[in-house]
Amino acid sequence: MKRILVRSVYDAFEYVMDHYYPYGLEEFALHKDSYAVISIQDTHTDGFGFRFTESRTCKGVLTLYFDDIVKVVEGAVLFNEDMADQIFEFVRKHENAETLLIHCYGGLSRSLAVGTFLAGICGLKIQEGNINQYVYGVLEKQYQKYLKTL
């Protein structure tokens, strides 16, 4: 993995579409890198109404449903250890993708927490911002347990 991109759902969709080209016109694709997607979707709307899928350039998709919260809230889903493990396995499985694209609704809290943590363990840099500290803490705690299973 050469880079980690954290985006809003809109910007993630645009990034994926920049890989598209009409039949026979591959030179018109704006991006040609391979990528994998971690799609973080809201539960109160049952997602964003679309899902990313694998393609010639998209090597894998992990879709997780959890909300931008830091404690238990009735009717919402809190990020948990199982989700953290899914992220670690997904990244390990797709480490040969050139880009890891991570998005949530705004690209500012949940996805930035995941991206910041993964960038740290992969030795990569990403933009700074106000991350969801709960999500980051779960990832940090669970990663130590995950390493023991390898």
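Structure: see above.
Since the structure is predicted, the reported quantities are computational estimates derived from the model, not experimental observations. One numbering rule holds for all chains: residues counted from 1, following each sequence as written. Only residues with pLDDT of 70 or above have their local features reported here, since the model is predicted, and side-chain atom pairs are shown and tallied only from 80 upward, although totals for entire chains, interfaces and linings are computed over all residues. Think of the side-chain values as coming from all heavy atoms in the structure, minus any hydrogens and water.

Q: Before we go on, may I ask you to explain the overall build of the chain in this structure?
A: Secondary structure counts use DSSP, requiring at least four H or I residues in a row for a helix and at least two E residues in a row for a strand, with both numbered from the N terminus. Across its full length, the chain holds 4 helices and 4 strands. Going from N to C terminus, the chain has its helices and strands arranged as β-α-β-β-α-β-α-α. Expected size for 150 residues packed as a compact globule is a radius of gyration near 15 Å; at 15 Å, the chain falls within 12% of this value. C-alpha extents for the chain along the principal axes are approximately 50 × 35 × 25 Å. Per-residue burial for the chain yields a buried fraction of 45% across its 150 residues. The contact definition used throughout considers only heavy atoms, calling two residues in contact when any of these lie within 4.5 Å. Within the chain, contacts between residues separated by at least 24 positions form 63% of all contacts whose residues are at least 6 apart in sequence. Surface exposure here means Shrake-Rupley accessible area, sampled with a 1.4 Å probe, where a residue is shielded only by the protein chains that are shown. With the model as given, the accessible surface of the chain reaches about 8,600 Å², and the carbon-plus-sulfur share is 52%. Computation of the radius of gyration draws on C-alpha atoms, with the globule rule given as 2.2 Å multiplied by the number of residues to the power 0.38. Three labels apply to residues, based on accessible area from a 1.4 Å probe with only protein chains included: buried if under 20% of the type maximum, exposed if over 50%, partly exposed otherwise in between.

Q: Explanation requested: unusual backbone geometry in the structure shown.
A: Outside of glycine, negative phi angles account for most residues, and trans bonds account for most peptide bonds. One non-glycine residue, Asp 46, adopts positive backbone phi at about 55 degrees. When you line up the elements, Asp 46 lands in the loop between β2 (35-41) and β3 (58-65).

Q: Please clarify how the nonpolar core should be interpreted in this entry.
A: For soluble globular proteins, the rule of thumb is that nonpolar side chains tend to be buried together. Buried residues of nine kinds, namely Ala, Val, Leu, Ile, Met, Phe, Trp, Tyr and Cys, make up a nonpolar core once their side-chain atoms join them within 4.5 Å. Formed by 32 residues in total, the largest nonpolar core has its most connected members in Ile 38, Phe 79, Ile 87, Leu 100, Val 114, Leu 118 and Leu 139. Mapped onto this core, the elements with two or more residues apiece are β1 (3-8), β2, β3, α2 (81-93), β4 (99-104), α3 (110-122) and α4 (133-149). In this structure Ile 87 touches Ile 38, Leu 62, Leu 64, Phe 79, Val 114, Leu 118 and Leu 139, once residues within four positions along its chain are discounted. Of all hydrophobic cores here, the second largest spans 9 residues; its members include Ala 12, Val 37, Phe 52 and Cys 58.

Q: Where do I start with a nonpolar patch on the surface in this structure?
A: Side chains of Phe 13, Met 17 and Tyr 20 sit close together on the surface and give an oily, nonpolar patch of about 330 Å² of accessible area. For Phe 13, the location among the structural elements is in helix α1 (residues 9-17). Residue Phe 13 is classed as partly exposed on the basis of its relative accessible area of 42%. The patches reported here contain residues having more than 30% relative accessible area and no salt bridge. Joining distances are 9 Å for like charges and 5 Å for nonpolar side chains (Val, Leu, Ile, Met, Phe, Trp, Tyr). When a carboxyl oxygen of Asp or Glu lies within 4 Å of a side-chain nitrogen of Lys or Arg, that pair is called a salt bridge.

Q: I would appreciate a short explanation of the packing of aromatic side chains in the present structure.
A: What characterises a pair of aromatic rings is the spacing of the ring centres plus the angle enclosed by the ring planes. Between 30 and 60 degrees the pair is tilted, below 30 it is stacked and above 60 it is edge-to-face, where a pair is any two Phe, Tyr or Trp rings, Trp via its six-membered ring, whose centres lie within 6.5 Å. Following the criterion strictly, the structure yields 12 aromatic pairs and no others. For the pair Tyr 10 and Tyr 105, a centre-to-centre distance of 6.0 Å together with 70 degrees between the ring planes defines the contact as edge-to-face. Residue Tyr 10 is found in helix α1, and its partner Tyr 105 is found in the loop between β4 and α3; the two are separated by 95 residues along the sequence. By relative accessible area, which is 55% here, Tyr 10 ends up exposed. Seen in terms of ring centroids, Phe 66 and Phe 79 are 4.8 Å apart; in terms of plane orientation they differ by 55 degrees. Their pairing is tilted. With Phe 66 in the loop between β3 and α2 and Phe 79 in the loop between β3 and α2, this residue pair connects regions lying 13 residues apart in the sequence. Every member of this aromatic cluster is reached through a ring pair, and the members are Phe 88, Phe 117, Tyr 136, Tyr 143 and Tyr 146. Criterion for a charge above a ring: Lys NZ or Arg CZ within 6 Å of the ring centre, and within 35 degrees of the ring normal. Of note, Arg 110 hangs over the ring of Phe 66, and the distance from its end group to the ring centre comes to 6.0 Å.

Q: It is not clear to me how the sheet that holds β2 should be interpreted in this structure. Could you clarify?
A: What holds strands together in a sheet is hydrogen bonding between their backbones, with the strands either parallel or antiparallel. Criterion used throughout: strands pair if DSSP finds at least two bridges between them. With parallel pairing, 4 strands are arranged side by side in an open sheet as β1-β4-β2-β3. Across the chains shown, the open sheet's two edge strands, defined by having one partner strand only, are β1 and β3. Taking the axes of each pair of neighbouring strands and ignoring which way they run, one obtains an average angle of 15 degrees across the sheet. Where β1 and β4 come together, 6 bridges link them in parallel fashion. What sits directly across from Ile 4, in β4, is Leu 100. Axis angles are defined between N-to-C directions and span 0 to 180 degrees, where every axis is a line fitted to C-alpha atoms and, for a helix, only to the segment in contact. Packed on one face of the sheet, α2 meets β2, β3 and β4 and runs near 175 degrees to β3.

Read these as spatial facts, not as claims about activity.
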